[in-house]
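Take a look at the letters that make up each chain.
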Amino acid sequence: MRRPDTDARPGRGRLALWHAAILAVLFAVWYGLTTPGIVDEAYANKIAFFFGRPLQVVKVVITWFTSGKIYPHLAITLWETLLAFAVGSALGLVIGLWLALSPTASAVAEPYITAMNAMPRVILAPIFAVWFGLGVLSKVALGVTLVFFIVFFNVYQGIKEVSPVVLANAQMLGASRRQLLRAIYLPSATSWVFSSLHTSVGMAFVGAVVGEYLGSAKGVGYLILQAEGVFDINTVIAGIVVLTIFALVLDFIVTKIEARLLVWRPRAAQTEPM
Amino acid sequence: MATLPRKAPGKDVAALAFERVSCAFAGKTPGERYTAVSDTSLSVAPGEFVSVVGPTGCGKSTLLNVAAGLLAPSSGRALVDGAPLEGINSRAGYMFQADALMPWRNAIDNVTAGLEFRGIPRGAAAAQAREWLARVGLVGFESRYPHQLSGGMRKRVALAQMLILDPEILLMDEPFSALDVQTRQLMENELLELWSANRKSVLFITHDLEEAIALSDRVVVLSAGPATHPIGEFHIDLPRPRDVAEIRLSPRFVELHEAIWRVLKDEVLKGYAQARH
């Protein structure tokens, strides 16, 4: 699992320098290969047709943000991501708890869960479009099917791996079955949900963008789809860049939330600030 | 908890008794049975400190789980204040060998857990827990999570967690075995101090004979497994209050140690031979 690094980590500045250097080299190579004069003009134009031109891409991104054209699309994609994440997590938590605590239900449901998990769920997108239309709902539904299984399996595992000693101790302290659920099973399961937070937020995002790409009237995926239709490769790449930055921001937020909620988790060689 | 009505047990009624308890488990292959404990009768008088010693893997913990009500015996029964035990033993507190604190709760929330389960308001519970943490020497550590505490501190929290409910019977399963010798002796002295302030019946399981003698009124020796049963019983007539480190040097302690070790030694060797197979 990734951990937010503490500020005191030595060599942090140098690491950032490396990151920036690699990025700069990539841009330089890209720029060089697509600029007539540096490379033969015919080749440069061919490469640019497939990969776009970095300055054009940057220009598209800047225009999107300065003209404000991107905001409604970003807002829609974010909204779909959040809804898919919330609904998928809630369903995964409830059903995971239920199946983990009821052996009969879990035995009955097992082959179906396995089958649904094995199915490539992106294939459901056209069906969801028919059921829920081209609006937000069909994207949320796709994201939910992706998020649900991650959370479900984590909760299921979390419940199964509750320490028997901690459980017996709570029983000896007088916990009823209901109190065991609240004081032992739920915290234990949620800690597993949080440890899968990066993956499940990522999946919710994938669901939203893929859903938009397959049919929509709004969203960053829709922008990419439109640009692709007219072979405007610069805009396609600009869309991908925006999505990537967006995903990084989401990941950063998740890391912050995780660090706050899982303070009780032991970390390797943790020292106390003096 | 002080609110629970208490029966005043007669002098002759044991606080905790095993009546011909046997525990068999399913073996690795179907049809195979492994008898952990066989035909064991044992009792703990009110306010008595009884230690059970025996070789590793002899089913000591099984016996304790029966007393706690976590495990139903295959035959025989456990009695609490003369009444047969059914379900969890609500008069007993249990201190486990392994870490049993909830890792997602800090020290004070771990100590209040039992009160919380009984529906005692948060404020009152927290006040009591602070008192208990002070009593086990953990002032200032209230908001630490278990992983931020040392092994000894975690045991202190577990002790406070158990004692805050004021149980009549304490079941302790090698609670200090994971601690280093110095911390261990400190904890043993603290346990004796807490115990003598408010005499509870204690069933203390250990594989350490010295610990057993230093703490107890009576030491029961179990045979090597399988089919463990008591094979010897010794009254420890050392004066109280005791200091566990000092008492080990007294001549009477050495005498008792020799006598009990004579009985225990053969069993330890048997257990060792079995473990090697």
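Because the structure is predicted, anything quoted here is derived from the model rather than measured.

### Focus on the overall build of chain B
Summing up its helical and strand segments, chain B has eight helices and 10 strands in all. Here the C-alpha radius of gyration of chain B, 19 Å, is about what a compact globule of 277 residues would show, namely 19 Å. Summarising its shape, the C-alpha atoms of chain B cover approximately 50 × 45 × 40 Å along the three principal directions. Burial status across chain B gives 42% buried among its 277 residues. At a minimum sequence separation of 6, the contacts of chain B that also span at least 24 residues come to 70%.

### Some words on helix α8 (residues 251-276) of chain B
End to end, α8(B) covers 35 Å across 26 residues, agreeing with the expected 38 Å (1.5 Å per residue, within 8%). Where α8(B) is buried, its residues contact β3 (49-53), α6 (209-215), β9 (218-222) and β10 (230-235) of chain B.

### Quick word on the interface of chain A and chain B
Contacts between the two partners involve 18 residues from chain A and, on the opposite side, 20 residues from chain B. Counting only elements with at least two residues in the side of chain A that touches chain B, the list comes to α8 (164-172) and α9 (177-195) of chain A. Looking at the side of chain A that touches chain B residue by residue, the classes come out as 13 nonpolar, five polar and no charged.

### Let's talk about the domain arrangement of chain B
When the parts come together, some accessible area is lost, and that loss is often what is quoted as the size of the interface. Residues and elements named next belong to chain B. As assigned here, chain B comprises domain 1 (16-91 + 169-276) and domain 2 (98-166). Computed from C-alpha coordinates alone, the two centres of domain 1 and domain 2 are separated by 26 Å. Taken together, the contacts link nine residues of domain 1 with six residues of domain 2. No other element matches the four residues that helix α5 (residues 181-197) contributes to the side of domain 1 that touches domain 2. Among the residues forming the side of domain 1 that touches domain 2, the class breakdown is seven nonpolar, one polar and one charged.

### Description of the environment of Val44(B)
All names here are of chain B. Position of Val44 relative to the elements: it lies in strand β2 (residues 33-44). Sequence separation between Val44 and Asp81 is 37 residues; the distance between their C-alpha atoms is 9.9 Å. In this structure Val44 touches Ala14, Ala15, Leu16, Val50, Ser201 and Leu203, once residues within four positions along its chain are discounted.

### Concerning unusual backbone geometry
For the bond running from Arg240(B) to Pro241(B), omega is -5 degrees, close enough to zero to count as cis. Here Pro241(B) lies in the loop between β10 and α7 (244-247). Notably, Phe231(A) is not glycine yet its phi reads approximately 55 degrees, a positive angle. Relative to the helices and strands, Phe231(A) is located in the loop between α11 (220-229) and α12 (233-261). In the Ramachandran plot, Asp39(B) falls in the positive-phi region, its phi being about 50 degrees despite a non-glycine side chain. Tracing the backbone through its elements, the reader meets Asp39(B) in strand β2. Residue classification places Asp39(B) among the partly exposed residues on the basis of 16 C-beta atoms within 10 Å.

### Some words on the sheet that holds strand β5 (residues 83-84) of chain B
Residue and element names in this part refer to chain B. Taken together, the four strands give an open sheet; going across it, the order is β2-β1-β4-β5, and neighbouring strands pair in antiparallel fashion. Each edge of the open sheet is held by one strand with a lone partner, namely β2 and β5. Pairing of strand β4 (residues 75-80) with β5, which is carried by two bridges, proceeds in the antiparallel orientation. Along β5, the bridge assignment pairs Leu79 with Pro84.

### Section: the sheet that holds strand β7 (residues 169-173) of chain B
All names here are of chain B. Here six strands make up an open sheet; going across it, the order is β6-β7-β8-β3-β9-β10 and the pairing mixed. A single partner strand is all that each edge strand has here, and the edge strands are β6 (92-95) and β10. Strand-to-strand twist in this sheet, taken as the mean axis angle between neighbours without regard to direction, amounts to 15 degrees. Direction of pairing for β3 relative to strand β8 (residues 201-206): parallel, over a ladder of five bridges. Residue pairing in the sheet places Val52 in a bridge with Ile205 of β8.

### A few points about the domain arrangement of chain A
Domain annotation of chain A identifies domain 1 (13-51) and domain 2 (61-261). Here the C-alpha centroids of domain 1 of chain A and domain 2 of chain A sit 35 Å apart.

### Section: the nonpolar core
Counting 122 residues, the largest nonpolar core has Val147(A), Ala67(B), Leu171(B) and Leu203(B) as the members making the most contacts within it. Looking at this core element by element, the count peaks at 14 residues for helix α7 (residues 136-160) of chain A. In contact with Ala67(B), other than residues within four places in its own chain, are Leu16(B), Ala78(B), Asn89(B), Ala92(B), Leu171(B) and Leu203(B).

### Observations concerning the packing of helix α6 (residues 125-132) of chain A against α7(A)
Residue and element names in this part refer to chain A. Packing of α6 against α7 leaves a shortest axis separation of 8 Å and a crossing angle of 140 degrees. Taken together, α6 and α7 sit at an angle that is classed as oblique. Here the hand of the crossing between α6 and α7 comes out right-handed. Every residue of α7 that contacts α6 at Ala125, Phe128, Ala129 and Phe132 is listed here: Leu137, Ser138, Ala141 and Leu142. For the contact of α6 with α7, a count of residues per class yields seven nonpolar, one polar and no charged.

### A few points about the packing of helix α4 (residues 70-101) of chain A against α11(A)
All names here are of chain A. In contact at an axis separation of 7 Å, α4 and α11 are set at 125 degrees when each is read in the N-to-C sense. With respect to each other, α4 and α11 are oriented oblique. On the side of α4, the interface is formed by His73, Leu74 and Thr77, while α11 contributes Val220, Gly221, Tyr222 and Leu223. A breakdown of the residues in the contact of α4 with α11 according to their chemical character gives four nonpolar, three polar and no charged.

### Notes on the pairing of β4(B)
Residues and elements named next belong to chain B. With five bridges connecting them, strand β1 (residues 16-26) and β4 associate as antiparallel partners. Counted as the bridge partner of Phe18 is Ala78 from β4. What sits between β4 and β5 in their antiparallel hairpin is a turn of two residues, with Asp81 showing a positive phi close to 50 degrees.

### Let's talk about the pairing of β3(B)
Among the five residues that make up β3(B), five are buried, leaving the element largely enclosed by the rest of the structure. Going residue by residue along β3(B), you find Phe49(B), Ser51(B) and Val53(B) tucked away on one face and Val50(B) and Val52(B) tucked away on the opposite face as well.

### Regarding the confidence of the model for chain B
Residues and elements named next belong to chain B. Residues at a pLDDT of 70 or more form 96% of chain B, whose mean pLDDT is 87. Element-level pLDDT for chain B is lowest in α8, with a mean of 86, against a maximum mean of 94 in helix α2 (residues 107-117). Of the regions scoring below 50 in pLDDT, residues 1-10 engages in eight contacts with residues more than four places distant in sequence or in other chains. Per the prediction output, this complex has pTM 0.76; the corresponding ipTM is 0.85.

Cut-offs and rules
- Residues numbered from 1 in each chain as written.
- Chains lettered and ligands numbered in written order.
- Predicted model: local features only at pLDDT ≥ 70, side-chain atom pairs only at ≥ 80, totals over all residues.
- Helix = DSSP H or I, 4+ residues; strand = E, 2+ residues; numbered from the N terminus.
- Rg over C-alpha atoms; globule rule 2.2 N^0.38 Å.
- Buried ≥ 20, exposed ≤ 12 C-beta atoms within 10 Å, placed from the backbone.
- Contact = placed C-beta atoms within 7 Å.
- Expected span 1.5 Å × (residues − 1).
- Nonpolar A, V, L, I, M, F, W, Y, C, P; charged D, E, K, R; others polar.
- Domains from an automatic or database assignment.
- Pairing = 2+ DSSP bridges.
- Axes fitted to C-alpha atoms, helices over the stretch in contact; angles between N-to-C directions.
- Core = buried A, V, L, I, M, F, W, Y, C linked by C-beta atoms within 7 Å.
- Parallel < 35°, antiparallel > 145°, perpendicular 65-115°, else oblique.
- Left-handed = near helix turned anticlockwise from the far one by under 90°.
- pLDDT = per-residue confidence, 0-100.

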